[in-house]
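# Topology and contacts: notes
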Amino acid sequence: MFVYADNAATTSVSKTALDAMLPFLTDSYFNPSSLYSSAQKVAEAVAEARETVAACLGAKSPREIYFTSCGSESDNQALVSCARLGARKGKKHLISTKFEHHAILHTLKALEKQGFEVTLLDVHEDGVVRVEDVAAAIRDDTCCVSVMFANNEVGTVQPIQEIGALCREKGIPFHTDAVQAVGHIPVDVEEMNIDLLSLSGHKFHAPKGVGVLYCRKNIPLFSFIEGGAQERGKRAGTENVAGIVALAAALKESCEHMEENAAKMIAMRDKLFAELGKIPHSKINGSLEHHVPGTVNMCFEGIEGESLLLLLDKHGICASSGSACTSGSLDPSHVLLSLGIPHELAHGSLRLSIGEYNTMEEMDYIIETVPGVVQYLRDMSPVWDELQKGTREHLC
Amino acid sequence: MALYSEKVMDHFQNPRNVGKLDDADGIGEVGNAKCGDIMRMYIKVKDNIITDVKFNTFGCGSAIATSSMATELIKGKPIEEALELSNKAVVEALDGLPAYKLHCSVLAEQAVRAAVIDYYEKHNIPYDKEKFKIVDCDDCESCGT
């Protein structure tokens, strides 16, 4: 059996998205900036896509939607824009969290080198940021708060609406990296007091290479790519028309079917939690109360995540891990460490992220396969041997 | 290109000499759980020949594959040769490793060396202590912890 359980990494392109994009790769290949009528029809398709995205996000105007190449680009542009805007007023302090995506963390590192100060908040054991921690970190010179909507590794959902309200009250631009949330759980920029939001198409069945930055109309964006007047002068470069149209179609479909998809995924996710949680000395990571529908993150004591992934691959299961060895570094996932999970345990992590295309039969196959693979690796592990003998203390 | 060579995958998926030797003549353990890999080597020695070897490893695919290959390279060989086993020999026998996985091969070399040293110490056999040291985990530059 082949089971794709890595939907937080990327998703397959849906038929809806593919059907929507194909005409713009073939017959309607025209540059939307051109004047002739065939090209203007393409420009109209882009405008329509912008309206669709604005509607799905609850934005007041399609003029607040900027198409980018990916979620990372959106994150970079959002933070740098807020920082530049703040610096003009002498405000050079940014607040974010320890378990953000590297697109946020590395951008903040770069800003630090340019003289900005950054506060990274703790996320507590349950993987949820506290609004009071944000409040306590806010200073007179804070120019941006950026908190991810849902974490990519553990799947925990943050109190975005409350953090947004706090920032609104203090007059601080609030950005959220919503790459793992949009299309999966309700997101409304007006209701949730969001000023800037990043999303990525390929997380909800659009192709790779297209993202969106939502930016409230009173916040001036800083342009990274100079050139033509595309995206209202904030992002030059001929539009990825097919990608943009596909993103809008996929987002519309995901939002229309959000409730039924979520119900289906939650049933599968909860079955994985219940059954895999029976493996002795395993730990489910992150609050179950505040959780996206599709993500399961667990640690298994005494084994290392990469070898687990390679063996699951041999059984046809595509999964992911926050283990050090999958990333090219030797440190385990900064996300798991930020939840206070010890290094020893964080090395043995597994992320299964399911989508609406998965089936209960596939979950049964995962449930049948994982315990045996974990046991096989434990049987050859000197760490497990010590845990069994009692010469090493169990961490979970 | 795949992350690992076919040989690495073979040794990872079908590791040779996995297990323990209850009557081992020498046992070596290197690495630590915090860094994400630990290797334990057991050797049986008769007439200066390594007659049997087993390993236990906690670690990634290449940690398991390098352990397995190291046991193959020393089994049936004179113990002096085991002491001289280099990480380079392990890497070559596996048709290469990605650069950031080379520390696994060092760990395999060190685990074999630690087992041989344990045997030497138990039997009061002299060896070049300067040349054949075990690198302390704290001195290893591979990980930032």
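Residues numbered from 1 in each chain as written. Chains lettered and ligands numbered in written order. Predicted model: local features only at pLDDT ≥ 70, side-chain atom pairs only at ≥ 80, totals over all residues.

A few words now on the pairing of strand β3 (residues 93-97) of chain A. All names here are of chain A. Here β3 lies mainly inside the structure; five of its five residues are buried. Judged by which residues are buried, β3 turns out to be covered on both faces: His-93, Ile-95 and Thr-97 on one side and Leu-94 and Ser-96 on the other are all buried. Relative to strand β5 (residues 142-146), β3 runs parallel, the two being bridged by three bridges. Following the sheet pairing, Leu-94 is matched in β5 by Cys-144. Sheet topology places β3 next to strand β4 (residues 117-121); five bridges connect them, and they run parallel. (Buried ≥ 20, exposed ≤ 12 C-beta atoms within 10 Å, placed from the backbone. Helix = DSSP H or I, 4+ residues; strand = E, 2+ residues; numbered from the N terminus. Pairing = 2+ DSSP bridges.)

Attention now moves to the interface of chain B and chain A. Taken together, the contacts link 23 residues of chain B with 21 residues of chain A. Those elements that provide at least two residues to the side of chain B that touches chain A are α1 (6-13), β2 (37-46), β3 (49-58) and α2 (61-74) of chain B. Here the residues of the side of chain B that touches chain A sort into ten nonpolar, nine polar and four charged. (Contact = placed C-beta atoms within 7 Å. Nonpolar A, V, L, I, M, F, W, Y, C, P; charged D, E, K, R; others polar.)

Glancing now at the nonpolar core. Within the largest apolar cluster, 153 residues are counted, with the highest numbers of intra-cluster contacts made by Tyr214(A), Val245(A), Ala246(A), Met41(B) and Val112(B). Per element, the largest residue contribution to this core is eleven residues, and it comes from helix α7 (residues 241-256) of chain A. In terms of domain composition, this core takes at least three residues from each of domain 1 (15-256) and domain 2 (258-389) of chain A. Not counting residues within four places of it along the chain, the set of residues in contact with Val245(A) comprises Ala20(A), Met21(A), Phe24(A), Ala45(A) and Ala49(A). (Core = buried A, V, L, I, M, F, W, Y, C linked by C-beta atoms within 7 Å. Domains from an automatic or database assignment.)

This brings us to the environment of Ile49(B). Residues and elements named next belong to chain B. The topology assignment puts Ile-49 in strand β3. Each C-alpha atom of the pair Ile-49 and Asp-128 lies 19 Å from the other, and the pair is 79 residues apart in sequence. In contact with Ile-49, other than residues within four places in its own chain, are Gly-76 and Pro-78.

What follows is about the sheet that holds strand β7 (residues 196-200) of chain A. All names here are of chain A. One open sheet accounts for seven strands, arranged β2-β8-β7-β6-β5-β3-β4; its pairing is mixed. Whereas interior strands pair on both sides, the edge strands pair on one side only; in this sheet they are β2 (65-68) and β4. For this sheet the average axis-to-axis angle between neighbouring strands, irrespective of direction, equals 20°. Running at roughly 115° to β2, helix α2 (residues 37-57) makes contact with β2, β7 and β8 (211-215) of the sheet. Sheet strands touched by helix α4 (residues 102-113): β3, β4, β5 and β6 (174-177). Its angle to β3, the strand with the most contacts, is close to 155°. (Axes fitted to C-alpha atoms, helices over the stretch in contact; angles between N-to-C directions.)

Our focus in this paragraph is the packing of α2(A) against α7(A). All names here are of chain A. Packing of α2 against α7 leaves a shortest axis separation of 9 Å and a crossing angle of 30°. Classified by chirality, the crossing of α7 by α2 is left-handed. Contacts from Val-42, Ala-45, Val-46, Ala-49, Thr-52, Val-53 and Cys-56 of α2 reach α7 at Val-241, Ile-244, Val-245, Leu-247, Ala-248, Leu-251, Lys-252 and Cys-255. Counted by class, the contact of α2 with α7 contains 13 nonpolar, one polar and one charged residues. (Left-handed = near helix turned anticlockwise from the far one by under 90°.)

Let's shift gears to the pairing of β2(B). All names here are of chain B. The buried count for β2 comes to eight of ten residues, which makes it a mostly enclosed element. Looking at chain direction, β2 and β3 are connected through nine bridges and run antiparallel. Looking across to β3, one finds that Lys-44 is bridged to Asp-52. Counting the residues in the hairpin turn of β2 and β3 gives two residues, including Asp-47, whose phi is positive at 50°.

What holds strands together in a sheet is hydrogen bonding between their backbones, with the strands either parallel or antiparallel. Residue and element names in this part refer to chain A. Overall, antiparallel pairing links the three strands, which are arranged β9-β10-β12 in an open sheet. Of all strands in the sheet, those bounded by a partner on one side alone are β9 (282-284) and β12 (349-353). When strand polarity is set aside, the average angle formed by the axes of neighbouring strands in this sheet is 25°. Sheet topology note: the strand β10 (residues 295-300)/β12 ladder contains five bridges and is antiparallel. From the neighbouring strand, Cys-299 faces β12, where its bridge partner is Ser-349. On top of the sheet, helix α8 (residues 258-276) reaches β9, β10 and β12; it is set at about 15° to β10, its chief contact.

Attention now goes to the packing of α1(B) against α2(B). Residue and element names in this part refer to chain B. Direction vectors running N to C along α1 and α2 enclose 85°, while the axes themselves pass 8 Å from each other. With respect to α2, the axis of α1 lies roughly perpendicular. Contacts from Val-8, His-11 and Phe-12 in α1 reach Gly-61, Ser-62, Ile-64, Ala-65, Ser-68 and Met-69 in α2. The residue inventory of the contact of α1 with α2, partitioned by class, reads five nonpolar, four polar and no charged. (Parallel < 35°, antiparallel > 145°, perpendicular 65-115°, else oblique.)

So, on to the domain arrangement of chain A. All names here are of chain A. What the domain assignment lists for chain A is domain 1 (15-256) and domain 2 (258-389). Distance between the C-alpha centres of domain 1 and domain 2: 29 Å. Contact residues are listed per partner, giving 20 residues for domain 1 and 20 residues for domain 2.

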